[in-house]
Amino acid sequence: MTSFECSPDGPNSLDDIAQKPVLLTVTEVLQRERRQKEKTVPLGQAVVDLLPLLQGQCSFKVSAPLYAVPTSPLESLQPEAKGGLEVAVCTEQPLLSAAQLSNSNLLSVTLEAAYSVPEAFTPTGPLQHYMACLQVPAAGEKEFPLLFKNGILKLAGEKEPLPRPKKWPLANIMAPGALSIPNSFIIGGPYEDEDGELNKREDREFRIQAESMKRIVWDTERRCYLDPTAVVVLQKRIAECQYCPVEVCRMAVASPSKGKTSKADKGDEDKQIFFHGVAYVNMVPLLCPGVKQIRGAFRVFPYQDSKVFEKTKSQHSVFQDLRAQLTLTKEGSWTPGISTPLSRAVPSKIQKEDKEKTTKDKDSNRRMSNASKMQLSDATVEAESVTSLSLDGQQYTEAGTFLVMEIKLDKALVPKRLREELTRRVKQMIPPRPPLPPRTAGAKKAVEDYHNHVTSTAVAILSEYHKHFGKRLPDQGAIDHQTLEEQKQQLNFELISSGKYFAFKEQLKYAVVKIVREKYLKTTAFESEEQFQAFLSELYEYLVDQMHVALNQLLSEEAAPPAPLSRMTEEQLWLFAREAEVNKDYDLASLYHQQRLAQDQHNIQYWLDYGAFCLLLEETTKAQECFQQALSLDLNHIQSLLLCGIVAVMLQHYEEAQIFFEDACCLEPSSIVAWTLSGLFYELQNNNIQAEMAFREAKKLLQAQLTKERSIHEAAEGEGGKKHISAACVRSPSPGREECLPEGVPDGSADKLPEAVGPALAYAAPEEEATAPEATPKAPSPVSGLSQPPCTIFMKAVEFLMKVNAIQFVRMALAHELLSLQGGPSCAYNLALAHTYLLKEELSKCEECLCEAIRIDYTNPNVWAQKGHLCYLKRDFGKAKECYERTISFVEDAVDMHFVYLRLGSIYLEEKEYGRAKQTYLLACRNSASCLTWLGVGIACYRLEEIVEAEDALSEANTLSNTNAEVWGYLALICLQGGRQLEAEQCYKYTVKLGLRNDALLREIHATQQRLGFGNPAL
């Protein structure tokens, strides 16, 4: 058993506990011969990491493997035969109080290797020592240097294996096998996931090549305990200056010398620093919530005081401060007599302390005798070596040297909100929904269902009777009994032979089963046949009585119930709403949105679409209510969370917005749009640190997605050979649209994002989560030969934002896109910007953007569709017609072909090209039929004097929407032409009632009525 004291100011501080393990050496005491001293032989060494003591534990047990020391007999044994030590560690009281444990931290820095080192680094010639060092805050606001020595120069060959263990920084006192830190490994990972430099796609080849060339390997981890004060200092330093300097250098290894004077002189010469470089490690990610680790590659630059001070505010070199303490001697074999302050397992503690004291006195006397010489030597070296150091360090830049290192904290400097807390905060902001009304499924409901089935069956039978025997009016008198019986028998025969009797029976069966279960509570088999027959008699009597009740209610009704309203599908309502929005009939569009919600108030997509419509009208508060209603249906719905955050920003509720964005990123950490919108929000708040972190995470996810898509595409090409060339490859590509496909025509499904609305909908951007082979990158078209840069996180955000009419965020994202592009704005950028101007009716600016988009990608159908919409709104129908015709001539359809067909058809009607108008409207009907498309077909057929086809088309339009005054007006004309006076008057009545605004059509109706002499009751 052994013990030692630990105190902040003592020989064994908390920092020693963190970075130095306990070394237990097993020795063999040989039998002492006569007149000889006792001889010991070291056998093995075990290592115990005391880190758990700094994590709140007071005691722990560990099984430490025993590693053979050099020249030990254990070296010849098999690994399983070397054994180990069972070690128990305990303290009288915790090393850290609860407050210290909560507010302190543990910093671990792992220096893996330096790659692509200068050619001057060769294994020949004098032995060299490769070192790296950085300073971190320590206890009491002091600076603690983390020095990495013993870098190993390796020649070109195989890459370093992964994973590989991290090593203790105590190579000269530990057995070779004991250097590996237990359960601590260098894992590595994709370059794109790193936090440093050289993590772009274009750096990948250079990194792979450098890792197999000449390099310096440390694979060493240094730890440092940070007390609460040091934690605050570290946070403050990162906030003030985001870079931490990591210095690297080479020093000659001093060879042992026999003469004392020559040894001192030689030591001064060997302490010169060569190849002095510095890497700037960006520490800012550690200030992001929840971030505890950064790892990556960092370029090495020549060390220059002015540049280091400019970037890091560091006024002097760490190596200059430590140079007098660096005693670098040629390493020999392992010496068990050297130990750390914690390796107290070896006896003769007092003797060792005396020996160390004597050695210190000798070193002190020698230093005093040579003080003046050392000062002169230092000054001379500093003056003469500036040029040489600059030239040496410049070789790092020429060789492209970089360090790979990891900085890790035990706890994040900025705690991240827990998922539970975010969910709780969201629940507090979203008002609770009222509970659903209770559903009645008891005996009363079962009887009511039986009455309804009896009534419907009786009405159906009565209809069959009227079909076969006709209706008999009351003034015709009663039917004699014999005739009635004959009709009854004939009706029974018809019902049975046609199968309708059995259909009616099946309809009543389910209602009877409900009565048996709910009213009589019979759900099990009967015990006897007598009991079963008795129950059947009782049930039959009850059913007959209830049948009479239902029939009496049916026959006693004086008026027939009104015909049920036609129920349009969700897709139709969504299409009609979009048509009304494009035509700026916002009242009608709002009515269609409300009808969708009336059909299903629990559909999240309906609320999101209605909220996006409210944003189009700049009714932000109403949009917020819609988005919050959608979120109340599902608190984990990512789109609802993002939209709630967007409207919160618009209403300047920034604290609420932060909660929504954080919750979205927490729920869906793989969402590129969520991270990008969070970054835009943090930038709006001038929180550049978190904005940069969010953008970096989004770019990392995008890179991973594109890599996956590319691999799928390459695999598909390898297996299937030549693939079918899609329409997107036929036209020439536009810069900025690589890796992305235009969206298809929206189908209104609940899984879709809210679709874009407004006067023009020709914007197309890449799908966010497209992973299918069809969404993989397309090769440049041979027509244009232009290379397409990959899509960006900002254009993905623009795609989402345009669909919900969040123009404020769209322009923020487009501003970032403009800054990130190389070679000027892309076609997609100009399309999106033109769309924003079109929504704001800034037509001149919109035209400038579209002209630039056409210049970039002349064969993009979306550009021509957008240009056509612009000309249509400017009432330049000639140019609009040319743009629309060019759009439909492409192999690939534009995004909003429905509106292209509608407006092109209306231009044809205006120019009296009725045949072309009919064909155009029929194309629209085939893709997405609506009242307006069939109305166009009907008008064209009427003008072509195809009256029957015109009436059929107008009847179809009237079925889809019976509130369109123009449909009733043309129906009135058709009825007038056909001489149907009553129908003509009815159609004219609805034309006037619904307020026909087409004056020319109204004048034509009046002229026809005057000429024929009917159709207007006022005449």
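In what follows, the structure referred to is the one given above.
What counts and how
- Residues numbered from 1 in each chain as written.
- Predicted model: local features only at pLDDT ≥ 70, side-chain atom pairs only at ≥ 80, totals over all residues.
- Heavy atoms only, no water.
- Buried < 20%, exposed > 50% of the residue type's maximum accessible area, 1.4 Å probe, protein only.
- Helix = DSSP H or I, 4+ residues; strand = E, 2+ residues; numbered from the N terminus.
- Pairing = 2+ DSSP bridges.
- 1 Å grid on protein atoms, 1.4 Å probe; cavity = no way out; pocket = protein on both sides within 12 Å on 5 of 7 lines; lining within 4 Å.
- Points joined across faces, edges and corners; volume = space filled by probe spheres on them.
- Nonpolar A, V, L, I, M, F, W, Y, C, P; charged D, E, K, R; others polar.
- Expected span 1.5 Å × (residues − 1).
- Arc of directions from axis to C-beta.
- Salt bridge = Lys/Arg side-chain N within 4 Å of Asp/Glu carboxyl O.

**Q** Would you take a moment to explain the pairing of strand β2 (residues 40–48) for this structure?
**A** Where a strand is regular, its side chains alternate between the two sheet faces. Extensive coverage of β2 is indicated by the burial of seven of its nine residues. Relative to β2, strand β1 (residues 22–29) runs antiparallel, the two being bridged by eight bridges. Each bridged residue has a counterpart across the sheet, and for T27 the counterpart in β2 is P42. Alignment of β2 against strand β4 (residues 67–68), held across two bridges, turns out to be antiparallel. Among the inter-strand pairings, G44 is bridged to a residue of β4, identified as A68.

**Q** What is the right way to read the layout of surface pockets from this model?
**A** Remark: the empty space left among the atoms is shown by a probe the size of a water molecule rolled over them. A volume near 1,800 Å³ is recorded for the second largest pocket. Considering the residues around the second largest pocket, the lining is formed by 39 residues, among which N583, L932, L935, E966 and N998 are closest to the centre. Those elements that provide at least two residues to the lining of the second largest pocket are α16 (570–582), α17 (586–599), α29 (861–873), α31 (897–910), α32 (914–928), α33 (931–943) and α35 (965–978). Per-element tally for the lining of the second largest pocket: the top contributor is α31, with seven residues. When grouped by side-chain class, the residues that make up the lining of the second largest pocket number 22 nonpolar, eight polar and nine charged.

**Q** What's the story with helix α34 (residues 947–960) in this structure? I'm lost.
**A** Side chains of residues three or four places apart in an α-helix project in the same direction, reflecting 3.6 residues per turn. For α34, with 14 residues, the first-to-last C-alpha span of 20 Å sits near the 20 Å given by 1.5 Å per residue. For α34, the complete set of buried residues consists of A950, A953, L954, A957, N958 and L960. One face of α34 carries all of its buried residues, which in axial projection span an arc of 160°. Residues of α34 that are exposed and point more than 90 degrees away from the buried face comprise V948, D952 and T959.

**Q** Please explain the pattern of salt bridges as it appears in this structure.
**A** Two side chains that carry opposite charge are able to pair once their charged atoms sit near each other. For the coordinates displayed, the defined rule picks out 39 salt bridges. With a shortest N-O distance of 3.2 Å, K159 and E211 are connected by a salt bridge. Residue K159 is located in the loop between β8 (143–154) and β9 (164–167), and its partner E211 is located in helix α3 (residues 204–211); the two are separated by 52 residues in the primary sequence. Assessed through its relative accessible area of 12%, E211 is described here as buried. The salt bridge partner of E847 is K874, with a shortest N-O separation of 3.1 Å. Residue E847 is located in helix α28 (residues 843–856), and its partner K874 is located in the loop between α29 and α30 (877–889); the two are separated by 27 residues in the primary sequence. The partly exposed category is assigned to E847, whose relative accessible area is 28%. For K874, a relative accessible area of 41% corresponds to the partly exposed category. Ionic contacts of the salt-bridge type, sharing partners, join the residues E112, R164, E194, R207, D219 and R295 into one network.

**Q** Help me understand the sheet that holds β4 in this model?
**A** Strand order in the open sheet formed by three strands is β1-β2-β4, with antiparallel pairing between adjacent strands. Two strands in the sheet have a free side with no partner beyond their single neighbour: β1 and β4.

**Q** In this structure, what is going on with unusual backbone geometry? I would like to understand it.
**A** Most peptide bonds take the trans form, and the phi angle of most residues other than glycine is negative. P163 follows L162 through a cis peptide bond whose omega is -10°. Note on placement: P163 falls in the loop between β8 and β9. Phi is positive for Q652, close to 65°, though the residue is something other than glycine. Along the polypeptide, Q652 turns up in the loop between α20 (638–650) and α21 (654–667). One non-glycine residue, N805, lies in the positive phi region at around 60°. Relative to the elements of secondary structure, N805 occurs in the loop between α25 (793–803) and α26 (807–820).

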